[in-house]
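Structural characterization, general
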Amino acid sequence: MCLKYKKSIFLCCFVLATLFRLNAEDGNRLWLRFNQTVNRNCHFSGILGQSGSLPFDEFQSAWNDMNGTELVALKTATDNSLLIGTLKDKTIKSFGLSKELKALGKEGFIIRSINKNGKRITVVASIADNGLLYGVYHLLRIIQTNRFSDNLDVAEKPSYSVRILNHWDNLDGTVERGYAGRSIWKWDELPAVISPRYKVYARANASIGINATVLNNVNASPKVLSVEYLQKVKAIADVLRPFHIRVYLSINFSSPKILGGLPTSDPLDKNVRKWWVDKASEIYKLIPDFGGFLVKANSEGLPGPMDYGRTHVDGANMIADALKPHGGIVMWRAFVYEPGDDRAKLAYKEFINFDGQFRDNVIIQVKNGPIDFQPREPFSPLFGALKKTPIMPELQITQEYLGQSNHLVFLSPMWEECLDADTYCNGHGSTIGKVTDGTIFGNKISAIAGVSNIGEDTNWCGHHFAQANWYAFGRLAWNNTLTSEEIADEWIQQTFQTPQIQNTEFETILKMMLTSHQTAVDYMMPLGLHHIFAWSHHYGPEPWCDIPGARPDWLPKYYHNANEAGIGFDRTTKGSDAVSQYYTPLKEQFNDPALCPDKYLLWFHHLSWDYKMKSGKTLWDEMCYTYDEGVKEVREYQKIWDKAENLIDAQRFAEVQSKLRIQARDAVWWKDACLLYFQTFSKQPIPYEIERPVHDLDELKKIKLDLKHHN
Ligand code: BDP
């Protein structure tokens with residue numbers, strides 16, 4: 001073949017490859033797609049606002065993507081124009097919105113259709129740039145989900161003042177419980193090289209209202225506070241700042257000793273206190289809007305004040321004092337469980353006596369459940385119990401215990417269940433949402449944390465649908481009364497933008513998302529079972545797991561207590577009495593198997609295999625049917641997804657299809673492992689209507705996964 005032909009073939013291939021890449025639907029654009037293919041029913045004659053400001057430019061750039069052209073910048077309002085501005089803008093001032101805007105605060109905003117001198121104007125307004133940016137993203141969300149009208153009347157402010165991601169990212173680039181590749185923070189290149197992803201990350205977070213991030217793992221290396229690393233942290237903070245995201249760090253309590261060379265890290269030691277004061281000043285010189293510290297102390301082997309005979313109050317207050325002059329806060333974790341009593345009771349027992357003793361810039365960070373991010377837990381009884389100390393929920397976005405990045409599990413319904421749970425601490429209606437967002441206790445600081453599922457995978461989260469969990473965390477942190485259905489609907493419409501977006505097939509995808517958490521609970525650990533995972537990596541089932549010498553409360557048998565008499569953890573007044581950590585009427589409800597909701601039954605009770613369930617079935621039969629239901633549901637999801645093939649781009653369709661196949665196989669693995677193992681105690685047949693196991697128990701017991709992300 002002559003050279004000329006070779007060259008043109010090469011050129012054609014190159015152009016095709018480039019085009020293909022441009023159109024590749026690899027999930028990289030998250031929910032911020034702004035495709036031109038969708039009719040959104042929104043037309044503006046032009047835009048007024050401060051060109052060059054982030055809110056203005058963000059709108060223009062999205063508009064450009066959606067329409068292929070920028071909006072005409074106007075000097076005065078014309079009919080059907082868009083006005084974006086703060087109270088500094090004269091026209092906005094003239095609308096008389098000032099009182100209302102001030103009440104919404106710096107992060108709040110209004111989006112309103114206003115008629116002025118016969119002209120219809122859509123106004124996005126706030127008292128500050130933060131709120132304006134959130135307002136613009138909200139308007140874009142309205143447009144993207146085809147809800148734009150000339151009758152808009154939206155006024156919003158966030159439920160929590162700190163809406164924070166917790167990255168469990170290590171300084172060596174690995175991510176603890178991360179299933180989407182390595183850390184996005186390139187510590188070895190920083191501060192000289194700034195990855196372009198930092199800005200995309202900032203935009204994505206700001207678009208859903210996240211305004212804070214802890215960059216490093218709670219199992220923190222003292223090195224993060226070194227001069228060298230603080231320069232790197234500063235470089236990240238500089239990129240995130242325009243998007244109103246403040247940076248926080250996890251700290252190691254022994255830093256004064258390990259990093260500072262002091263003989264001790266005792267919180268009552270003068271030199272130790274001074275070390276923290278100096279360290280705080282050093283940080284704030286570099287990062288004036290630094291947010292504060294997250295602390296995991298005296299937990300899972302990490303150092304803490306108790307190493308010196310001091311208390312959590314001594315430790316937290318020392319650090320709070322160092323941050324106070326700069327406006328920083330301490331998020332002190334209540335994830336502590338020294339061996340002794342029932343693990344579910346330990347955090348409450350430890351912290352209840354400290355209520356009211358913490359400085360006013362300390363907030364206690366509490367996982368949603370009393371044990372550890374299980375597929376389902378009742379809420380931690382610390383919510384509502386601490387009345388004089390602000391307390392913040394910690395949710396886990398990364399799916400450590402929920403199929404990691406292989407299973408499609410939309411977590412919003414689980415979080416909604418937690419935020420809507422009634423603690424009864426102030427009578428009926430004292431939901432966790434209201435207990436933590438300041439509604440009930442009027443606390444000065446309010447916050448909510450989500451353990452991030454972000455990594456350097458092209459699609460950010462490992463599974464396309466795991467992006468929905470990041471999205472849902474942000475939306476719930478902004479508005480803790482949103483329903484999972486609203487959130488999923490928004491996410492689907494923005495993420496899979498095709499002309500058929502309103503097609504009924506999307507309804508089935510919505511249903512799949514909304515039921516997916518219950519489904520995972522059903523095939524993993526229904527009826528209140530918990531922590532029957534494989535050792536350490538927590539991916540598959542290992543209810544038989546026994547590691548000689550391991551802490552009993554790290555082993556499944558501690559939790560399921562299966563024997564010939566029955567199964568479950570007795571936490572009633574006759575057992576560990578964990579029920580008494582809840583307020584009336586919950587404690588009475590949880591204490592009585594007849595009143596206890598089925599979903600928590602084996603969390604609170606050890607019951608015989610023949611126990612009669614509300615459905616009329618025996619406990620053993622109910623367990624079998626529920627595992628089977630979980631498997632059937634995943635098989636149903638496969639059908640739903642396959643039917644949507646024509647509505648979804650080829651790449652994302654194929655990737656999700658292949659993950660659903662893994663999930664279906666895993667669901668069978670879970671069902672077979674748990675039923676065959678528990679059957680050795682129940683000694684009863686698996687009801688004959690149910691699909692028979694396809695594995696042998698002995699084979700299953702031999703499975704040892706060598707997961708790359710094993711940690
Ligand atoms: C557990 C994780 C462990 C974390 C710990 C924590 O298995 O990797 O370090 O929680 O939250 O869920 O501190």
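Residues numbered from 1 in each chain as written. Predicted model: local features only at pLDDT ≥ 70, side-chain atom pairs only at ≥ 80, totals over all residues. Heavy atoms only, no water.

Focus on the pairing of strand 8 (residues 246-251)
For strand 8, a buried count of five out of six residues is recorded, marking the element as mostly surrounded by other parts of the structure. Both strand 7 (residues 212-214) and strand 8 contribute to a ladder of three bridges, which runs parallel. Residue pairing for strand 8: Val-214 is matched across the bridge by Tyr-248. In this fold, the crossover linking strand 7 to strand 8 by way of helix 7 (residues 227-240) has right-handed handedness. As judged from the four bridges shared by strand 8 and strand 9 (residues 292-295), these two strands associate in the parallel manner. Following the sheet pairing, Tyr-248 is matched in strand 9 by Gly-292. (Buried < 20%, exposed > 50% of the residue type's maximum accessible area, 1.4 Å probe, protein only. Helix = DSSP H or I, 4+ residues; strand = E, 2+ residues; numbered from the N terminus. Pairing = 2+ DSSP bridges. Right-handed = clockwise from strand over helix to strand, strands pointing away.)

Notes on the sheet that holds strand 13 (residues 447-451)
The eight strands lie next to each other as 6-7-8-9-10-11-12-13, forming a closed barrel whose pairing is parallel. Direction aside, the axes of adjacent strands within the sheet are offset by 25° on average. Of the strand pairs in this sheet, strand 9 and strand 10 (residues 329-333) are connected by four bridges, and their pairing is parallel. The partner of Val-295 across the bridge, within strand 10, is Trp-332. (Axes fitted to C-alpha atoms, helices over the stretch in contact; angles between N-to-C directions.)

Describing the packing of helix 14 (residues 467-478) against helix 15 (residues 484-495)
In contact at an axis separation of 10 Å, helix 14 and helix 15 are set at 130° when each is read in the N-to-C sense. Put simply, helix 14 runs oblique to helix 15. Crossing hand, helix 14 versus helix 15: right-handed. When helix 14 is examined against helix 15, the residues Gln-467, Ala-468, Tyr-471, Ala-472, Arg-475 and Leu-476 are found in contact with a partner set consisting of Ile-487, Glu-490, Trp-491, Gln-494 and Thr-495. (Parallel < 35°, antiparallel > 145°, perpendicular 65-115°, else oblique. Left-handed = near helix turned anticlockwise from the far one by under 90°. Contact = heavy atoms within 4.5 Å.)

Things to note about the domain arrangement of the protein chain
Per the domain assignment, the segments of the protein chain are domain 1 (34-156), domain 2 (162-484) and domain 3 (519-569 + 606-710). Between the C-alpha centres of domain 1 and domain 3 the distance comes to 49 Å. (Domains from an automatic or database assignment.)

Notes on the pattern of salt bridges
Opposite charge on two side chains permits them to pair, given that their charged atoms come into close proximity. Within the structure shown, the criterion is met by 38 salt bridges. The residue Lys-632 makes a salt bridge to Asp-628 at a minimum N-O spacing of 3.4 Å. Pair noted here: Lys-632 and Asp-628 are both in helix 20 (residues 619-643), with a separation of four residues, about one helical turn. A single network of salt bridges, built from pairs that share partners, joins Lys-234, Asp-238, Arg-241 and Asp-289. (Salt bridge = Lys/Arg side-chain N within 4 Å of Asp/Glu carboxyl O.)

A few points about the packing of helix 20 against helix 21 (residues 650-682)
Where helix 20 contacts helix 21, the two axes come as close as 9 Å, and the packing angle between them is 170°. By the angle between their directions, the pair helix 20 and helix 21 is classed as roughly antiparallel. Within the contact of helix 20 with helix 21, the residues separate by chemical class into 18 nonpolar, five polar and six charged. (Nonpolar A, V, L, I, M, F, W, Y, C, P; charged D, E, K, R; others polar.)

Thoughts on helix 2 (residues 54-67)
Here helix 2 contains 14 residues, and its C-alpha end-to-end distance of 20 Å stays within 8% of the 20 Å for a straight helix at 1.5 Å per residue. If you check which residues of helix 2 are buried, you get Pro-55, Phe-56, Glu-58, Phe-59, Gln-60, Ala-62, Trp-63 and Met-66. Among the structural elements, strand 1 (47-48), strand 2 (81-86), helix 5 (129-144) and helix 6 (197-207) are those in contact with the buried residues of helix 2. Two residues or fewer past helix 2, Gly-68 is found with a positive phi of approximately 75°. (Expected span 1.5 Å × (residues − 1).)

Some details on the sheet that holds strand 5 (residues 153-156)
Picture the strands of a sheet paired through backbone hydrogen bonds; they go either parallel or antiparallel. Strand order in this open sheet of five strands is 1-2-4-3-5, and the pairing throughout is mixed. Looking along the sheet, the strands with just one partner apiece sit at the ends: strand 1 and strand 5.

Quick word on the site of the ligand
Of all residues adjacent to the ligand, which total 14 residues, the nearest are Glu-176, Lys-296, Arg-333, Lys-367 and Glu-400. For the ligand, an oxygen atom lies 2.4 Å from a polar atom in the side chain of Glu-176. For the ligand, whose accessible area on its own is 320 Å², the fraction buried by protein is 96%. Considering only residue class, the shell around the ligand consists of four nonpolar, two polar and eight charged. (Near = heavy atom within 4 Å. Polar contact = N/O pair within 3.5 Å; in protein donor to acceptor, adjacent residues only side chain to side chain. Areas by Shrake-Rupley, 256 points an atom, 1.4 Å probe, with all protein chains shown as cover.)

Looking at helix 9 (residues 270-286)
Under the 1.5 Å per step criterion, the end-to-end length of helix 9 is 25 Å for 17 residues, consistent within 8% with the ideal 24 Å. On its buried side, helix 9 packs onto helix 7, strand 8, helix 8 (255-258), strand 9 and helix 10 (312-323). The N-cap residue of helix 9 is Asp-269: its side-chain oxygen and the backbone nitrogen of Asn-271 are 2.9 Å apart.

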